[in-house]
Amino acid sequence: MDVVEVTPTDGTFRWMQGNGNGSDASGWGKLQGNKSAVMRLTLNDLYRFDEKGTYTVRVRTSHLRCGEFGKAKPEELTTNAVSFDVEPFAVADERALAESLEQQIRASKNEREADRLAKELEYLPGDDATRAKLSLTLNEKTFYPFGVDLGDSLWIARNREMVVKTLEQAIADPAQVDGASFIPMVLELKRNQTKPSVQCCIAQGAKEPDNVAAQYMHEVALSLPQRTGESRIRAALSVFEADARAAETNPALTADYQKAREIVVTHFDEINEYSVETVLRVYGKYLEDRRLVPDLQRLIDHSSGIFTNNRVEAMKQLQKIEPQGLDLDLVQEACTDHPAMIKDVRDLTATETLPHVDECLGTRLRQILAQPVGTRMDLRLDRTMEYIARFSDGSLAPEVLKAYVGRDPSDRRWSQTARGAALCYLMRWDTKDASPLLAEVMPDGVKPDQFVLFSVVAPAMPSAVGLRTYFRQWIETHGSDAGQVVYLLSQIGNAKDREFLKQRLEVLHEKGESGFSKEDGRLEVELVTAQIRGRTWDFSGDRGKEISRSECETAECKTYFRVE
């Protein structure tokens, strides 16, 4: 959006790739008459000035848009030329300032203040300032779990060779806690004169020339026997994560991978609580090892607050390794004050109901509903109702029905999620009384609400006979407006429901190409999608392409699935 032009270019170095970096133009609103709008650009975020002299800067910006909202077109403006003088910073003065800033950063007890000081240090390009930045990079000042933000400070350094050499030495240094994390920066510094807008090797998946990255990681693997404590587990995780997939096709990486994996398995309890979720979620299939059972159970029993997802991933991993006893863990999850999202635990067991949850969930439900309308509570009705819908037996049906029917329309606790979950539960255990209530929010109901309907199927099991029967009957009695309900059925259906939807697709095809309307096309999209993917089936990939090619007859379906 912005083009910053500095003249003369001699004596300057454009260290940051791109044009708009450093702009605070986001969040602008409509321009007011007789009021100016200010956009600040920090020139140092783009340029490093290496020589004394007079420089001139102009900015071309296309932030201004003229016209109605949504139709406005950019109009380029060019600022007036602004000239300024640059005087070199005396080496001794820069050294003193860099040393002072590092000391202040290390002594700081306030993260925001430390980040402000780091930003001041960032713009100093000399060797002494670079040493201070490297010191703070190799030996972080932390406000757990975060380190002080040094931004792109090492990119602005004049002495890039110093930066690369120092970081290269740190990569495999056993005393360095997380040297492997420097590999992407070293590769970028070697490849690029200007800092890329995204990391070359991770964000874009570019191949490292001459296998440099793999060689660096091999050096980290060789250093594992010399490491202990946090340095050992962090380095092992780096090698494990880098080589897990690659080792499947590259035997040369197998030894390093196996060595790292063994450390990860035997020292799993040392993994930082902020990292364990990602390790299990992304690399869980490489960690199906019964030796992890005690550590996984510890995560389930003791992860709370912001670490709810640690429990979730631990339960998912335990399901693959040793599922016996997982039902008790799910009871514990349902009865905690802040349970996981229902979509994360819904399918971890095939057990239809967990009777042990009825008492705690019933007590919580009464506790929530006993409070006056508008009361702020940590306990959430929507989450409670979802767990009731998924795991409770029919003993709470009378209470849930009474609460749903008698709810105050102004009661925000009865969110769309809470109402949908309540209907899901009631359709499971009291279909007769629940069916008229569900009819109200159906597409042809008196109060149609697709978000409530999505929440109806979210906690449901494929064994939810009442819901499945209701949806099937609704689809049979409706025409091309049944697409949304086709989707709902696919989200709770089984193989018989997929066959039912296949039959509805055949009924639609009987109209013939000349008889299709646009509404028929939209319905066909939903029916074909349901043939490809549903709650209990997944034929995506090549099989899905084959299904769409053979089943799409309307123009809308062929366009949606890109069928030629």
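Residues numbered from 1 in each chain as written. Predicted model: local features only at pLDDT ≥ 70, side-chain atom pairs only at ≥ 80, totals over all residues. Heavy atoms only, no water.

Peer 1: How should the pattern of salt bridges be read in this particular structure?
Peer 2: Between side chains of opposite charge, a pair can form as their charged atoms come close. According to the stated counting rule, one finds 38 salt bridges in the structure shown. Close ionic contact of Arg232 with Glu270 constitutes a salt bridge, the shortest N to O distance being 3.5 Å. Of this pair, Arg232 sits in helix α7 (residues 229–243) while Glu270 sits in the loop between α8 (254–266) and α9 (276–283), placing them 38 residues apart in sequence. Glu270 gets classed as partly exposed once you look at its relative accessible area, which sits at 32%. Salt-bridge contacts for Arg472 lead to Asp497; the nearest nitrogen and oxygen are separated by 3.1 Å. Of the two residues, Arg472 is situated in helix α20 (residues 465–476) and Asp497 in helix α22 (residues 495–509); the sequence distance between them amounts to 25 residues. (Salt bridge = Lys/Arg side-chain N within 4 Å of Asp/Glu carboxyl O. Helix = DSSP H or I, 4+ residues; strand = E, 2+ residues; numbered from the N terminus. Buried < 20%, exposed > 50% of the residue type's maximum accessible area, 1.4 Å probe, protein only.)

Peer 1: Would you explain the packing of helix α17 (residues 416–429) against helix α18 (residues 431–441) in this entry?
Peer 2: Between two packed helices, both the angle of their axes relative to each other and the distance between the axes serve to describe the pair. Where α17 contacts α18, the axes come no closer than 7 Å and their chain directions differ by 145°. The element α17 and its partner α18 pack so that their crossing is left-handed. Across the interface between the two elements, Leu423, Leu426, Met427 and Trp429 from α17 touch Thr431, Ala434, Ser435, Leu437, Leu438 and Val441 from α18. Residue classes in the contact of α17 with α18 are distributed as eight nonpolar, two polar and no charged. (Axes fitted to C-alpha atoms, helices over the stretch in contact; angles between N-to-C directions. Left-handed = near helix turned anticlockwise from the far one by under 90°. Contact = heavy atoms within 4.5 Å. Nonpolar A, V, L, I, M, F, W, Y, C, P; charged D, E, K, R; others polar.)

Peer 1: Can you help me understand the packing of aromatic side chains in this one?
Peer 2: What characterises a pair of aromatic rings is the spacing of the ring centres plus the angle enclosed by the ring planes. Per the stated rule, a full pass over the model turns up 15 aromatic pairs. For the pair Phe49 and Phe84, a centre-to-centre distance of 5.7 Å together with 85° between the ring planes defines the contact as edge-to-face. Taken together, the positions of Phe49 in strand β3 (residues 47–49) and Phe84 in strand β8 (residues 82–86) put the pair 35 residues apart, joining distant regions of the chain. Ring pairs connect the aromatic residues Tyr47, Phe49, Tyr55 and Phe84, which therefore count as one cluster. (Phe/Tyr/Trp six-rings, centres within 6.5 Å; stacked < 30°, edge-to-face > 60°.)

Peer 1: What exactly am I supposed to notice about a nonpolar patch on the surface here?
Peer 2: Judged by side-chain polarity, Tyr144, Tyr274 and Ile306 come together as a nonpolar surface patch covering roughly 370 Å² of accessible area. Considering the arrangement of structural elements, one finds Ile306 in the loop between α10 (293–302) and α11 (308–321). (Patch = residues over 30% accessible without salt bridge, like charges linked within 9 Å, V, L, I, M, F, W, Y side chains within 5 Å. Areas by Shrake-Rupley, 256 points an atom, 1.4 Å probe, with all protein chains shown as cover.)

Peer 1: Please explain the state of the cysteines as it appears in this structure.
Peer 2: Should the sulfur atoms of two cysteines be covalently bonded, the bond is a disulfide. This model, assessed by the stated rule, comprises two disulfides. Paired through a disulfide, Cys335 and Cys360 show a sulfur-sulfur distance of 1.9 Å. For the disulfide bridge between Cys335 and Cys360, the dihedral angle about the S-S bond is near -70°, and by the sign convention the bridge is left-handed. In this pair, Cys335 is assigned in helix α12 (residues 326–335) and Cys360 in helix α14 (residues 357–369), connecting sequence segments 25 residues apart. The class for Cys335 is partly exposed, based on a relative accessible area of 28%. (Disulfide = S-S within 2.5 Å.)

Peer 1: Would you mind showing me how to read the nonpolar core here?
Peer 2: In a soluble, globular protein the nonpolar side chains are often hidden away together inside. With 139 residues, the main nonpolar core has Phe268, Val345, Met385, Leu438, Leu467 and Phe471 as its most contacted residues. It is α17 that contributes the most residues to this core, eight residues altogether. Setting aside residues up to four positions removed in sequence, Val345 forms contacts with Met315, Leu330, Ala340, Tyr387 and Phe391. Core analysis: the second largest hydrophobic core is formed by 14 residues, Ala114, Leu121, Val148 and Leu150 among them. (Core = buried A, V, L, I, M, F, W, Y, C linked by side-chain atoms within 4.5 Å.)

Peer 1: Looking at this model, I keep getting lost on α10. Mind explaining?
Peer 2: One turn of the α-helix equals 3.6 residues, which is why residues spaced by three or four share an orientation. Every buried residue of α10 is listed here: Val293, Asp295, Leu296, Leu299 and Ile300. Buried residues in α10 make contact with α8, α9, α11 and α12.

Peer 1: I'm lost on the confidence of the model for the protein chain in this one. Help?
Peer 2: Any region with low pLDDT has predicted coordinates that should not be read closely. Looking at the protein chain, pLDDT values average 90 and 92% of them are 70 or higher. Across residues 19–27 the pLDDT falls below 50, and counting only partners more than four positions away or on other chains, this stretch makes 24 contacts in the model. Here residues 199–209 is a poorly scored stretch, pLDDT under 50, and it has 19 contacts once near neighbours within four places are set aside; other chains count. (pLDDT = per-residue confidence, 0-100.)

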